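# Understanding the architecture of this molecule
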Amino acid sequence: MSGSAVAADRSVCAPLPVLGRDVLVPLVTGGEVDYAALDYAASAPALQRVWDDVAAYAPYYGSVHRGAGYLSQLSTDLFENSRRTIEEFLGCRTEDQVVFTRSTTDSLNLLAAVLPENTRVFVFETEHHASLLPWEQRPDVTVTYLNAPRTPQQAVDTLEKALAAREPYGPALVCVTGASNVTGELWPVRELAAAAHAHGARIVLDAAQLVPHHPVDLGELDVDWVAFSGHKLYAPFGAGVLAGRADWLRDAAPYLAGGGASRKVSRRPDGGVDVEWHTTAARHEAGSPNVIGAYAIASACRALTEAGFEGLVAREQELIARLRTGLAEVPEVTVLSLFGDDAARVGVLSFVVEGWNSSHFAAALSAEYGIGVRDGLFCAHPLVRTLLGSAPQDPGECGAPDAAPGEKSLNAIRVSLGVGTPDEHVDRFLRAVTELVTNGARWNYRTEAGRCVPARSA
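Overview of the structure. Numbers given for residues are sequential positions, taken from 1 along each chain in its written order. Whole-chain, interface and lining totals are the exception, using all residues; otherwise, since this is a predicted model, local features are given only for residues with pLDDT of at least 70 and side-chain atom pairs are given and counted only at 80 or more. Excluding hydrogens and water, the side-chain figures rest on all heavy atoms present in the structure.

## Considering the environment of Asn181
Helix numbers and strand numbers start at the N terminus; a helix is a DSSP run of H or I with at least 4 residues, a strand a run of E with at least 2. Tracing the sequence through the fold places Asn181 in the loop between strand S7 (172-177) and helix H7 (189-198). Under the relative-accessibility criterion, Asn181 is labelled buried at 7%. Two N or O atoms count as a polar contact when they lie within 3.5 Å, although within protein this holds only if one can serve as hydrogen donor and the other as acceptor, and sequence-adjacent residues are included solely when both atoms are side-chain atoms. At a separation of 2.9 Å, a polar atom in the side chain of Asn181 contacts the main-chain carbonyl oxygen of Phe378. Partly exposed describes any residue whose relative accessible area lies between the buried limit of under 20% and the exposed limit of over 50%, with all areas from a 1.4 Å probe on protein chains only and scaled to the type maximum.

## Let's talk about the sheet that holds strand S13 (residues 333-335)
Spatial ordering of the open sheet is given by S13-S14-S17-S16, a layout of four strands whose pairing is antiparallel. Here the strands that pair on one side only, and so sit at the sheet edges, are S13 and strand S16 (374-376). On average, each strand axis in the sheet is tilted by 30 degrees relative to the strand beside it, whichever way the strands run. Both S13 and strand S14 (residues 348-353) contribute to a ladder of three bridges, which runs antiparallel. Bridging from a neighbouring strand, Val335 pairs with Phe351 of S14. Strands qualify as paired when DSSP identifies two bridges or more between them. Lines fitted to the C-alpha atoms define the axes, with helices restricted to the stretch that makes contact. Angles between their N-to-C directions range from 0 to 180 degrees.

## Here we look at the environment of Ala41
Position of Ala41 among the secondary structure elements: in the loop between strand S3 (36-37) and helix H2 (48-57). With relative accessibility at 2%, the residue Ala41 sits in the buried group. Residues Ala41 and Leu111, spaced 70 residues apart in sequence, show a C-alpha to C-alpha distance of 23 Å. In this description, contact between two residues means that some pair of their heavy atoms is separated by no more than 4.5 Å. With sequence-adjacent residues up to four places away left out, Ala41 is seen in contact with Gln209, Lys232, Val348, Arg414 and Ser416.

## Some words on the sheet that holds strand S5 (residues 120-124)
The mixed open sheet is built from seven strands, whose spatial order is S4-S10-S9-S8-S7-S5-S6. With partners counted over all chains shown, the strands left at the sheet margins are strand S4 (97-101) and strand S6 (142-146), one partner each. Neighbour-to-neighbour, the strand axes of this sheet turn through a mean angle of 20 degrees, independent of strand direction. Bridging between S5 and S6 involves five bridges; their strand directions are parallel. By the bridge assignment, Phe124 is partnered in S6 with Leu146.

## Here we look at the packing of helix H11 (residues 309-328) against helix H14 (residues 423-439)
At a minimum axis distance of 10 Å, the contact between H11 and H14 shows a crossing angle of 10 degrees. Comparing their axes, H14 and H11 come out roughly parallel. Of the residues in H14, those in contact with Arg315, Leu319, Arg322, Leu323, Gly326 and Leu327 of H11 are Asp423, Val426, Asp427, Phe429, Leu430 and Val433. Here the contact of H11 with H14 is built from residues that sort into seven nonpolar, one polar and four charged. Orientation categories follow fixed angle ranges, with anything under 35 degrees roughly parallel, anything over 145 roughly antiparallel, 65 to 115 roughly perpendicular, and all other angles oblique. Just so you know the grouping, Ala, Val, Leu, Ile, Met, Phe, Trp, Tyr, Cys and Pro go in nonpolar, Asp, Glu, Lys and Arg go in charged, and all remaining residues, Gly too, go in polar.

Written as structure tokens, this is what we have:
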């Protein structure tokens, strides 16, 4: 049996096939192995179904909303039908809008741009930078950063207290993640939404790490908006979504000014122009839409729905349990957590290894075992620094990140999985962790451009 056939056979256990499942990568120690992609939290591989759908449509690609020709009409229908598919997938309410963006980051920057004047924003320091930073771009918006909670109930209590104390009483927005991109832990979204609404605030859910792993229903969670990226949802074609209440979106100036967002433009006698903007989602979708990206997201939504989240979640929990059990058997490994060992979580887990810089460990996993993970602070610096506050690492070790004077050099390793992860990848990862901790790396490594990479010879 050829190497690629072996790789394909090993992926049978995965519920949904993804691209890259039969890619062979070289090992520094010699030979090749099928690549174990365990970095889904950064960018999930494309579902085979998504790729096939996009490939079938590609010859019919045409301009959207801008042409009378057949391909343009077909592309427009595809684009708007994709919007409706996503509305159904998210359980959107009658008055909600689905706006296509570039990513979660873009979605939350869009929402920040349309906030009413003098809005108060409340956000936990535990957020990904995509949901931690956009609000500071508005000089008229006040941001309150909340300390990292150590239990779900403490998160609710902290938010309740902060909202109750706010002055003056005006528009307010709470931003919270659905599942941490560092620990994978699920946040009490429904309870936080209830707290926000009880105090007259709205809430936006960063669902980047939640949507690929769990059903997300705006009505059931009672959130005002949800934001996510296609590239986390097995649709890496440069699109994202902001879905939810239409009023703030409709009342604000367009996020981008240009064609598509404008309904009518006319010259004034004084030489200027008057613009009538759309009031629909098109108001914030200026320029030629990413129809392939939108269609890819819709295709992924259909694939996950048809596969059934109940079964997908059950299998993922089995893999998470296998990961946690295997890592618990290695005393040198410490798994990072805010809410404790019993917290519900998705297929994302971060850890550190005693005696190893995390960049060095991740480089060895890749070079010697063909396993792709993530190392660093995961664009959630305040959270990871809080979790690693008592775990300094040697700044002189291979790949150790630079630290400011008097600051500890910190980083961690993140392993993440999804619907395309076969059992063998998890087993290989656990075997590799044990072997590296027990025997050390079999190759020499050096620092290059801040990264730990294999040296030219062992």
